[in-house]
Number of protein chains: 2
Amino acid sequence: MVVSLEKHVCHDKKAKVPDQQLVFGRTFTDHMFVADYTAGVGWHDLRIQPYQPLTLDPSAIVFHYGQTVFEGLKAYKSPNGMVRLFRPNLNFERMNESCQRMSMPAIDPEAMLESLIELIKIEKDWIPTAPGTSLYIRPFMIATEGYLGVAPSQKYKFMIILSPVGSYYKEGIAPVKILVENQYVRAVAGGTGTAKTAGNYAASLKAQEKATEEGYSQVMWLDGVERKYIEEVGSMNIFFKIDGKVVTPALNGSILDGITRRSIIDMLRYWEVPVIERRISMEEIREAHRTGKLEEAWGTGTAAVISPIGEFKWQNELFYVNNGQAGELSSRLYDTLTGIQSGQLPDPFGWTIEF
Amino acid sequence: MVVSLEKHVCHDKKAKVPDQQLVFGRTFTDHMFVADYTAGVGWHDLRIQPYQPLTLDPSAIVFHYGQTVFEGLKAYKSPNGMVRLFRPNLNFERMNESCQRMSMPAIDPEAMLESLIELIKIEKDWIPTAPGTSLYIRPFMIATEGYLGVAPSQKYKFMIILSPVGSYYKEGIAPVKILVENQYVRAVAGGTGTAKTAGNYAASLKAQEKATEEGYSQVMWLDGVERKYIEEVGSMNIFFKIDGKVVTPALNGSILDGITRRSIIDMLRYWEVPVIERRISMEEIREAHRTGKLEEAWGTGTAAVISPIGEFKWQNELFYVNNGQAGELSSRLYDTLTGIQSGQLPDPFGWTIEF
C-alpha cells in the first residue's frame, strides 16, 4: 500500500436492500472514503470512515460557484466471488483532466484507486449479485473554503461514496425515444463540456424536463454554435450505424470523453466493424433515415452501458430506427461489454481488475 | 408581516472586525435566514437562526449536479442612521428567473424581502460605516436531496447570509487592466449565462487564473459562437463611451441582466446621455481606439459598482483607454450611484428603501 490510510469501521451496519428493490442512486453503503486538501499542504488525512453527513460553512465555494468534479464507475461480483472493476484508472485520470479545467488540485490516481479498493473490500457484502445489478462508485471533489470571492478554493474534499444499484433494464434491453433539443445547449467549445463538472448537469435539467413532458426519455444535444451537429444524448455519448458503418461525434472540445465510448470504439475495431469519429449533422441523420440507411443508434454511458434508440423527434419530424427495436449490433455490444464487466465473459482487452 | 418567521437569536455574539480591516466575503454576521422546500409541500420553516454550518448528505444534488442559484446586494447605513437597500425587489425577481432556468422552485419575492429586512434589523450593528464599506447580502438556494440521478431535486434550502465588506477601492476609484479571452467561453445562448447559477462562475475560474498570471485583473468574455462580440467583463456587465455615445452589449441570451447595468442605463437616460444596447465587436473597439474615439470603458456590478477600465489586451494588441485613467463619466456614475445607495445623495429614481 503506497498510501497512508486511516480506517474507522462502524459496527452499526445498515440493513441491505434486496437486489430486486434496488433503484439508482438512493441507497448508500456503511462507509465512505474522504481526503482533505489544503493549499500549501496538499492532500492529507486520507481515511475510510462511517458514511455520514458533511458539515460545511454556508459560504463554502461549492454552494455559490460550483467548483466541483465527479466520476462514475461500477464494481461487480464475478462468478468466482472476486470483486471486478472496469478500467478504473481511466476514471481517476479523467478526474484530473476535469480538475485541470476547473482550477482544482490534481489527485494521485494510483493512491485513489488503492483507497477505492480498500473501501470496496470493507463494503464487499454490499455488491448486489442479481443480473444487471452492480455497486455504483461515485468519486467526487468539492470546494470547501468559506469565501464569497470568485476565486479557486484553497480547500477541497475528495470523497468516494458507494451505492448498490438495480438493473437499468428491468425487462431486457429496451430502446428509448429521444427528443432533439433546439432551444437549450449543453456546452460549447471553450466552456466546460469536456469536464465532468456539476454545471454541465445543472444546465441539462430544463431540457430534460421539457422532453419528459413531451413523452421522450432523453434529450439529444446539438452544438451550441450552428445548432446542426450532434453532440451527446442526455448524459451519454451517441453512436449511429449507417449503411454498415458506425459513426460517433468526434471529441470536439464540448463532448465528454466517455470511457464506455472509448471501449465501444475499441471493441468495434477488434471485431473489424468500421467505426469513424467525425462531425455528424442532423441533416445527415434525416437523409440516412429517408434512404433506409439509418440501421441503428445507441447511447453509451456507465449507468446504462448501451442504450438503444428507437425513435428521434427533430422539430416536427419523427425518425424511427430499426422499427423501434434494439438493433443486432447494439445488443451484441451490450451483451459483450456487460459480460466483460461482470466477469461472465473473458476479457481479451485486459480492461478489468479483480481483487 | 405576511410571513410566519421564527427567530432564534443567539447571545454569544462574535467580535466585529474593524471597518478598515474588512475585505470581501470573509466575515459573516451572527445570524442567517433559512427556509426549506419540499416538493408537494412548498416552502416551510422560515426562520432566522444563529449562523452555523450546514449539514448535508454527501449525495446531495448540489455537490454533484450544481443545482443552485444566488444573488448579491448591499445594505448601507444612511447618514440618518437608517438602513438602506438598493432595488432589493429586483434581486428576488431575478432569482426567480434563475430558478426557472435551473428547474428550481420559485420563492415569494415579497416574503423573502420581508425576511431579509427582519434579518438585517437583528444584525444592524454589523453594517460598517466607513466610506465605501457596506453589508453584502448573499441570498442563495441549493438542491439538498440525497440522490445521484440527474433530475431536479425534490428538496431545497434557501438561505441569506450577511458579510460586512470593505471598500472596493482602498485608494480612490482606480482603473483595471483587462485581458480579452480568446480560448475560454463563459456562456452561449441556450446555456445558463442569463441565470445567476454556480456553473457560470466555476467555468470562469481558469480564464481568470490565466489573466492573473499575465498581470491582468479581469477577463473580458467574447461570444461563444463567433468569438467576435463582447459579452461581459469578469463577473460584471461592460459599457463603452465611443464618440460621445454610451454603448453596452444587448441582452442576447448569454449575458446576465445586471441590476447595476439597468440602473446605469436609467441614470444615463435621465442625464440625457445617449445610451444604446446593441452587439459590439472587438473589431469596433479596435477601430474606435485607432481613431481616438474610444473615450471610456467600465464594468458594472454589485461589488465594485463601477470599475473603470484603463487597458485592454486583445491577442497581441494593447488598447489604452483615457490614458489609463478613470474617465469623467465613469467617475460621475460611480459618485452618483454610490451616493444614492449610501444615502449621501438624494434618490430621484425611488430606487432605495429605508427602515
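For every chain, the first residue of the written sequence is number 1, and numbering continues from 1 along that sequence. Starting at A for chains and at 1 for ligands, labels are handed out in the order in which the entities are written. The predicted nature of this model means local features are confined to residues of pLDDT at least 70 and side-chain atom pairs, given and counted, to a pLDDT of 80 or more, with totals for whole chains, interfaces and linings taken over all residues. Note that the side-chain values use all heavy atoms of the structure and ignore hydrogens as well as water.

J.: Tell me about the overall build of chain A, and name the residues and values.
T.: What counts as a helix is a DSSP run of H or I of at least four residues, what counts as a strand is a run of E of at least two, and both are numbered from the N terminus. A count of helices and strands for chain A gives seven helices and 19 strands. Here the globule rule is a power law, 2.2 Å times the number of residues to the power 0.38, and the radius of gyration is based on C-alpha atoms. Since a compact globule built from 355 residues should have a radius of gyration of about 20 Å, the 21 Å found for chain A is in line with a globular shape. Counting only C-alpha atoms, chain A reaches 60 × 50 × 35 Å along its principal axes. All accessibility values rest on the Shrake-Rupley procedure with a 1.4 Å probe; residue burial counts only the protein chains present in the view. In the structure as shown, chain A presents an accessible area of about 13500 Å², 48% of it carried by carbon and sulfur atoms. In this tally Asp and Glu are treated as negative and Lys and Arg as positive; neither His nor the chain ends contributes. Throughout, a charge is located at the NZ atom of Lys, the CZ atom of Arg, the CG atom of Asp or the CD atom of Glu. If you average the places of the 37 positive and of the 42 negative side-chain charges in chain A, the two averages end up 2 Å apart.

J.: A description of unusual backbone geometry should follow, citing residues and the corresponding values.
T.: All names here are of chain B. One non-glycine residue with positive phi stands out, namely R87, at about 45°. Mapped onto the secondary structure, R87 falls in the loop between strand 7 (83-86) and helix 2 (88-101). Three exposure classes are used, based on accessible area relative to the maximum for each residue type with a 1.4 Å probe and protein chains only: buried under 20%, partly exposed in between, and exposed over 50%. By relative accessible area, which is 12% here, R87 ends up buried.

J.: Lay out the pairing of strand 13 (residues 237-242) of chain A in plain terms, naming residues and giving numbers.
T.: Here is the key point about a regular strand: its side chains alternate between the two faces of the sheet. All names here are of chain A. Here strand 13 lies mainly inside the structure; six of its six residues are buried. Burial of the side chains of strand 13 extends over both faces: N237, F239 and K241 are buried on one face and I238, F240 and I242 on the other. Pairing analysis gives six bridges linking strand 13 to strand 16 (residues 294-301), with the strands arranged antiparallel. Note that in strand 16 the partner of I242 across the bridge is L294. With three bridges joining them, strand 13 and strand 14 (residues 245-249) adopt antiparallel strand pairing. Counted as the bridge partner of I242 is K245 from strand 14. Any two strands between which DSSP finds at least two bridges are classified as paired.

J.: Lay out the packing of aromatic side chains in plain terms, naming residues and giving numbers.
T.: Centres within 6.5 Å are what make two rings of Phe, Tyr or Trp a pair, Trp counting through its six-membered ring; a difference in plane orientation under 30 degrees is then read as stacked, over 60 as edge-to-face, and the rest as tilted. Overall, the coordinates contain 29 aromatic pairs over all chains when judged by the stated rule. Judged by centre distance (6.3 Å) and plane angle (75°), the rings of A:W43 and A:F158 are edge-to-face. With a gap of 115 residues between them, A:W43 in strand 3 (residues 42-50) and A:F158 in strand 9 (residues 155-165) connect regions that are remote in the sequence. Here A:F158 falls in the buried class, since its relative accessible area comes to 0%. Ring geometry for A:Y65 versus B:Y201: centroids 5.6 Å apart, planes at 45°, classification tilted. One end of the pair, A:Y65, is in helix 1 (residues 61-65); the other, B:Y201, is in helix 4 (residues 198-213), on a second chain. Residue A:Y65 shares its accessibility class with B:Y201, and that shared class is buried. Each member of the aromatic cluster is reached from another via a ring pair, and the members are A:F33, A:Y37, A:W43, A:Y156 and A:F158. In this structure, A:K177 packs its charged tip against the face of A:Y216, placed 5.1 Å from the ring centre. Charge-over-ring placement is defined geometrically: NZ (Lys) or CZ (Arg) within 6 Å of the ring centre, and within 35 degrees of the ring normal. Over the face of the ring belonging to B:W271 we find B:R332, whose NZ or CZ atom lies 3.6 Å from the ring centre.

J.: Run through helix 6 (residues 282-290) of chain A, naming residues and quoting values.
T.: Residues and elements named next belong to chain A. Among the residues making up helix 6, those that are buried are M282, I285 and A288. Buried residues of helix 6, seen end-on, are gathered within an arc of 120° and therefore sit on one face of the element. A positive phi of about 75° marks G292, the residue just after helix 6. As used here, the arc is the angular range of directions from the helix axis to the C-beta atoms.

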